[in-house]
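Spelled out, the chains give:
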Amino acid sequence: FEGTTIDTLRAIGPYELTYDKEGTYKTSVTVKNSNNNCFAIDSFSVKVNTISMFYIPSVFSLSAKNEVNASWRVFGKNIADQDFSVMVYNRWGKLVYQTTDLEFMMNTGWVGQDQDNGKAQPLGVYTYVIKGKYQDNQVFEKVGTVTIVQ
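## Comments concerning the pairing of strand 6 (residues 85-89)
Counting buried residues along strand 6, 4 of its 5 residues qualify, which places the element largely inside the surrounding structure. Bridge analysis of strand 6 against strand 8 (residues 124-133) gives 5 bridges, and the strand direction is antiparallel. Following the sheet pairing, M87 is matched in strand 8 by V129. Relative to strand 7 (residues 95-99), strand 6 is paired through 4 bridges, and the arrangement is antiparallel. In the sheet register, Y89 faces strand 7, and the bridge partner there is L95. Between strand 6 and strand 7, which pair antiparallel in sequence order, lie 5 residues; one of them, G93, sits at a positive phi of approximately 90°.

Structural data, given as C-alpha cells:
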C-alpha cells in the first residue's frame, strides 16, 4: 500500500492489510480530513506468523448431497506431506482404513468403505488416529471418533 492515499483505501472498504508471507512489515498510515488542512502520520511494524492447524469433522453422511460432507476429510494449513498417516478402526478394533496420502485426505477423503474388501461400513462410530507434522516440523497426533450417518 506504499503510496496509496486514504481516498484510495476508502474505495477498497475496511482498512485491512493482507500479507501472504511470514515476516515483519513496516506500515505507514496517513490520515487527512476532508479539507486536507489537517493530517496525521503513524508508522508501525506488523509481524506475520504462519498459522499451522488442522481440523477433522466428527460426522459425515454417506448420502450427503454436498460432496464435502459425503466423505471424511482432513482440513488444515501448513501440514507437511511427509510423516502423515491416518488410521480408522471399527468398534471391534479392526483397521478398516489407512493412508499416508495427505493430498488424498484433503481432497477426497475416506468414503466409509473397508479398505481390504471395498464394502461400505455400517453406520456408527469409528476411532481414528492421525499423526503428522506441520511444515515447521512441529509434530501433532490426534485420536478421536468419527460417526458415519445416513
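## Some words on the layout of surface pockets
Computed from the structure, the second largest pocket encloses a volume of approximately 170 Å³. Lining the second largest pocket, in full, are Y19, D20, K21, E22, V48, N49, T50, I51, K77 and N78.

## Points about a nonpolar patch on the surface
Together, I51, M53, Y55, V68 and F75 make up an exposed nonpolar region whose accessible area comes to about 450 Å². Assignment of secondary structure puts F75 in strand 5 (residues 75-77). According to the relative accessible area criterion, F75 is partly exposed, its value standing at 30%.

## Things to note about the side chain of D114
Here D114 shows up in the loop between helix 2 (102-107) and strand 8. Residue classification places D114 among the buried positions, given a relative accessible area of 5%. Separated by 2.7 Å, the side chain of D114 and the backbone nitrogen of D116 make a polar contact.

## Examining the confidence of the model for the protein
Across the protein, the average pLDDT comes to 86, with 88% of residues at 70 or higher. Here helix 1 (residues 6-12) stands out as the least confident element of the protein, with mean pLDDT 46; strand 6 is the most confident, with 98. Throughout residues 8-13 the model reports pLDDT below 50, and contacts reaching past four residues in sequence, or to other chains, amount to 5 contacts.

## Notes on the sheet that holds strand 6
Spatially, the 5 strands line up as an open sheet ordered 4-9-8-6-7, and their pairing is mixed. Because the sheet does not close on itself, it has two edges, and the strands there are strand 4 (59-61) and strand 7. In this sheet, neighbouring strand axes are inclined to one another by 25° on average, regardless of whether the strands run parallel or antiparallel.

Rules behind the numbers
- Residue numbers here run from 1 along each chain, matching the order of that chain's written sequence.
- At least 70 in pLDDT is required for a residue's local features to be given in this predicted model, at least 80 for side-chain atom pairs to be given and counted, and no such filter applies to totals for whole chains, interfaces and linings, which use all residues.
- In computing side-chain properties, one takes all heavy atoms of the structure into account and sets aside hydrogens as well as water.
- Working definition: with a 1.4 Å probe on protein chains only, accessible area under 20% of the residue-type maximum means buried, over 50% means exposed, and in between means partly exposed.
- Secondary structure is summarised from DSSP: a helix means a run of H or I of at least four residues, a strand means a run of E of at least two, and numbering begins at the N terminus for each.
- Pairing between two strands requires that DSSP report at least two bridges joining them.
- For cavity detection a 1 Å grid was placed over the protein atoms alone, and a set of points counts as a cavity when a 1.4 Å probe fits there but cannot get out; an open set counts as a pocket when protein lies on both sides within 12 Å along at least five of seven lines, with lining residues being those that have an atom within 4 Å of a point.
- Grid points are joined across faces, edges and corners, and a volume is the space filled by probe spheres set on the points.
- Here, patches come from residues exposed beyond 30% relative accessible area and free of salt bridges, joined within 9 Å for like charges and within 5 Å for nonpolar side chains (Val, Leu, Ile, Met, Phe, Trp, Tyr).
- Every accessible area reported is derived by Shrake-Rupley at a probe size of 1.4 Å, with residue values counting cover from the shown protein chains alone.
- Here a salt bridge means any side-chain nitrogen of Lys or Arg lying within 4 Å of a carboxyl oxygen belonging to Asp or Glu.
- Whenever two N or O atoms come within 3.5 Å, that pair is a polar contact, provided that in protein one can donate a hydrogen and the other can accept it, and provided that, for residues adjacent in sequence, both atoms are side-chain atoms.
- Each residue carries a pLDDT score, the predictor's own confidence in it, on a scale running from 0 to 100.
- Every residue pair with non-hydrogen atoms within 4.5 Å of one another is taken to be in contact.
- Throughout, an axis means a line fitted to C-alpha atoms (over the contacting stretch in the case of helices), and angles, computed between N-to-C directions, take values from 0 to 180 degrees.

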